[in-house]
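# Results of the structural survey
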Amino acid sequence: MHDSQYGRRTFLAGAAGATLIGVGAGREPVRQTTAGLVRGKATAVPGVTAWLGIPFAAPPVGALRWQPPHPPIPWTGVRDATRFGASPCAPSMPGVSLDYSPDRMSEDCLTLNVWAPPEDGRRRPVMVWIFGGAFVMGSSANPRYDGAQMAAEGTVFVSINYRVGILGSYVHPELSSESPAGVSGNYGLMDQIAALQWVKDNIANFGGDPDNVTIFGQSAGAFSVGFHLVMPQSRGLFHKGIAQSGAPMGRPSSSILLGRQADMQKEGVAFAQRMGASSIADMRRMDAMHLVTTYGFNWLFYPNIDGWLIPDHPCILMEAGRCANVPVIAGHNHDEGRVFPPLGGGTLSGLQASLQENYGTYAPEILRVLQAQGSTDPAVMGQEAFGDVVFNWNSVALFMAMSRVSKSYAYRFDYAHASTKPDSFVKGQGLGAFHGAEIDFALRTCRFDVPERRAEQERLMNTLSGYWLNFARTGTPNGAGLPYWPEYQVGSGKVLRFGEGAPALDDIAFRERLVLLGRAMDNRMVEQA
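Reading guide: rules and limits
Residues take numbers from 1 onward in each chain, read along the sequence in its written order. Only residues with pLDDT of 70 or above have their local features reported here, since the model is predicted, and side-chain atom pairs are shown and tallied only from 80 upward, although totals for entire chains, interfaces and linings are computed over all residues. Neither water nor hydrogens contribute to the side-chain values; these are computed over all heavy atoms in the structure. Labels follow the DSSP assignment, with helices taken as runs of H or I lasting at least four residues and strands as runs of E lasting at least two, numbered in each case from the N terminus. In this setup the radius of gyration rests on C-alpha atoms only. A globule is expected at 2.2 Å times the number of residues raised to 0.38. Only protein chains enter the accessibility calculation, which uses a 1.4 Å probe. A residue is then buried if its area is under 20% of the maximum for its type, exposed if over 50%, and partly exposed in between. Here a residue-residue contact requires only that any non-hydrogen atoms of the pair lie within 4.5 Å. What sets the accessible areas is the Shrake-Rupley method with a 1.4 Å probe; for residues, cover comes only from the shown protein chains. When charges are tallied, Lys and Arg are placed among the positive residues and Asp and Glu among the negative ones, while His and the ends of the chain are skipped. Throughout, a charge is located at the NZ atom of Lys, the CZ atom of Arg, the CG atom of Asp or the CD atom of Glu. Strands were regarded as paired on the criterion that DSSP finds at least two bridges between them. Helix axes use the C-alpha atoms of the stretch in contact, all axes being lines fitted to C-alpha atoms, and the angles between their N-to-C directions lie in the range 0 to 180 degrees. Expected span of a helix, by definition, is 1.5 Å for each gap between consecutive residues, and there is one gap fewer than residues. The quantity known as pLDDT measures the predictor's confidence residue by residue, on a range of 0 to 100. The definition of a right-handed crossover adopted here requires that, viewed with the strands pointing away, the path from the first strand over the helix to the second runs clockwise. We call a pair of cysteine sulfur atoms a disulfide whenever their separation is within 2.5 Å. Pairing of aromatic side chains requires ring centres within 6.5 Å, counting the rings of Phe and Tyr and the six-membered ring of Trp. Pairs whose planes differ by under 30 degrees are stacked, by over 60 edge-to-face, and all others tilted. A ring is considered to have a charge above it if a Lys NZ or an Arg CZ atom is located within 6 Å of its centre and within 35 degrees of its normal. Buried Ala, Val, Leu, Ile, Met, Phe, Trp, Tyr and Cys residues form a nonpolar core when they are joined through side-chain atoms within 4.5 Å.

### Considering the overall build of the protein
A tally of regular secondary structure across the protein gives 15 helices and 16 strands. Relative to a compact globule of 529 residues, whose C-alpha radius of gyration would be 24 Å, the protein shows 22 Å and is just as compact. Judged by the C-alpha coordinates and their principal axes, the protein covers about 70 × 60 × 45 Å. The proportion of buried residues among the 529 residues of the protein is 60%. Residue pairs at least 24 apart in sequence account for 77% of intrachain contacts in the protein once pairs closer than 6 positions are excluded. Accessible area for the protein stands at about 19400 Å²; split by element, carbon and sulfur atoms hold 50% of it. A distance of 4 Å separates the average location of the 44 positive side-chain charges in the protein from that of its 46 negative side-chain charges.

### Quick word on the sheet that holds strand E8 (residues 156-160)
Read across the sheet, eleven strands follow the order E3-E4-E6-E8-E7-E9-E10-E13-E14-E15-E16 without closing on themselves; strand pairing throughout is mixed. At either margin of the open sheet sits one strand with a lone partner, and together these are strand E3 (41-42) and strand E16 (504-507). In the sheet, strand E9 (residues 208-218) pairs with strand E10 (residues 240-244) via five bridges, with the strands oriented parallel. The residue of E10 that forms the bridge with glutamine 218 is glutamine 244. Seen against the sheet, helix H4 (residues 187-202) touches strand E4 (49-55), strand E6 (111-116), strand E7 (124-130), E8 and E9 and runs at an angle of roughly 150 degrees to E9. Across the sheet, helix H14 (residues 454-474) is in contact with E7, E9, E10, strand E13 (328-333), strand E14 (408-413) and strand E15 (494-498); its angle to E10 comes to roughly 150 degrees.

### What to know about helix H12 (residues 378-403)
With 26 residues, H12 extends 36 Å between its outermost C-alpha atoms, agreeing within 8% with the 38 Å of an ideal straight helix rising 1.5 Å per residue. Among the 26 residues of H12, 26 are classified as buried, and the element is accordingly described as predominantly covered.

### Comments concerning the confidence of the model for the protein
In the predicted model, the protein carries a mean pLDDT of 92, and the fraction of residues at 70 or more is 91%. The low-confidence segment residues 3-26, where pLDDT is below 50, has 42 contacts with residues more than four positions distant or belonging to other chains.

### Describing the pairing of E10
Of all five residues in E10, five are buried; the element is thus mostly enclosed. Taking every second residue as pointing to the same face, both faces of E10 are buried, with Lys240, Ile242 and Gln244 on one and Gly241 and Ala243 on the other. Taken together, E9, helix H5 (residues 220-230) and E10 form a β-α-β motif whose crossover is right-handed. Pairing of E10 with E13 involves four bridges; the strand directions are parallel. Following the sheet pairing, glutamine 244 is matched in E13 by glycine 331.

### Overview of the state of the cysteines
What the rule picks out here adds up to zero disulfides. We note that cysteine 315 lacks a disulfide partner, and the nearest cysteine sulfur, in cysteine 323, lies 11 Å from it. Accessibility expressed as a relative area gives 8% for cysteine 323, which makes it buried.

### Topic: the sheet that holds strand E1 (residues 30-33)
One open sheet holds the three strands; their spatial order is E1-E2-E5, and the pairing between them is mixed. Every interior strand has two partners, whereas the edge strands, E1 and strand E5 (78-80), have only one. With direction set aside, neighbouring strand axes in the sheet form an average angle of 35 degrees. As defined by bridge partners, E1 adjoins strand E2 (residues 36-39) across four bridges and the pair is classed as antiparallel. Within E2, the position partnered with glutamine 32 by the bridge is leucine 37.

### Side note on unusual backbone geometry
The backbone of serine 219 shows a phi angle near 60 degrees, a positive value even though the residue is not glycine. Although it is not a glycine, leucine 257 adopts a positive phi angle of roughly 55 degrees. Relative to the assigned elements, leucine 257 resides in the loop between E10 and strand E11 (259-260).

### Brief notes about the packing of aromatic side chains
The final tally for this structure, using the stated rule, is 31 aromatic pairs. Between the aromatic rings of tyrosine 411 and phenylalanine 498, the centroid separation amounts to 6.2 Å while the plane-to-plane angle is 65 degrees, which identifies the pairing as edge-to-face. Linking tyrosine 411 in strand E14 with phenylalanine 498 in strand E15, this pair joins segments that are 87 residues apart in sequence. The class for phenylalanine 498 is buried, based on a relative accessible area of 1%. Here arginine 65 stacks its cationic end above the ring of tryptophan 66, 5.6 Å away from the centre of that ring.

### Let's talk about the nonpolar core
Judged by nonpolar contacts, the single largest core of 165 residues is most densely connected at Val114, Ile166, Tyr170, Met283, Phe413 and Trp468. Among the elements that make up this core, the one with the highest residue count is H12 (14 residues). Each residue touching methionine 283, except ones within four places of it in the same chain, is listed here: Arg65, Trp66, Tyr170, Phe271, Ala272, Met275, Ala277 and Leu291.

Right, dumping it as structure tokens:
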């Protein structure tokens, strides 16, 4: 992202365009990158090699904090790439069971990981995974994102780190004055673009095809895919996208991780004052974890419409065709809200107040619909509404909007017996197809810890990952041995449902609720679904 060496294919003298070094029986897996040589390691999956913790940018520390990513610092010799790099700095969340807690966190976190099958002279499709975590936490080192099994299916799998929270999204007038574009924030998205540029410049040396790159992610990773679809700086760095649960399509707010530059400028000044800083120089001298823990799990800063990286509201850009003309897969899970605190805090009065905030004059009507469709428990209804506001409406809007631009494939994940289960915020309630339940099936990392469901889960994993792999190879999820998945057509109202049995077309879920939410946002596109 820095106005620099990104985009130049600069190989060390003597490499002579070779895509690999030291390959053969008993030889070390060493590869050339634009910054130097890296040595990987064999994985437990036969034939698959991993290169971990490869820097794709300079450490964003000191004067480079809150700067666009700079090129990686070249090294001499062969760099060990057998261990994940440090995870992005993030706060802890007491009392909440997360599926992964990083063992190392650092501001120096801009690394990526590559898994590749044996070289055979062919250029393999590349899949780049973007982790979720509400743009405030997350790590590419999470075992659920291990790429070995996907590489064994013939892809080159890449996972990336990017700055999150206060370090990834901070907005301040002084930072904007430093920028040639006159804006600040969105550093985490710039990191992702820098990682994609690294892929373009280097992935051929790992057997990947730089002209066949699929970006995909879940939650904030799915929102990221949505941003890449409209960011001009991402154009040409990827060729397909998969958004699993989320997209920045609704009314700008912390709920959909989309804000406005001017509003965040004011928050940035106020935050610096709370930190006792009189300048950005003061802020840059502060310890990174002190900033992160003080900021905590707040959503004052997140991706924002700055007029440069994100030129306008993504929904407006897509509807105008000002976006990447690439095929997409997009969808959501049936029970997205089950692992989140409910809107309204679990009380009826709290729910009514929260619905009034999100639905305005439609609040009484949406409450009646929620009561009629399921539980009348305010906590359960609050979780259902949370899922609609943050994930469900946005996912439907994404596959609808992109269907007018390119090929779009719509899905819903309904399988209610996923292996990896976090704790629920509403005790005594089953989690169903919770937020993130599909990850292990899509990435082939299922643990199969429910023996009586192993065969069923293996079938689902092979089916879901099979569609994803086909899409990465050819731009269509369809292929031998899988039920046909038609392109989404506006007006059809149909998505491919993944459950206990074979995938099948089904109606868009919660349509009445989503229509009311759209009306509350003065956006009636879902009514045309």
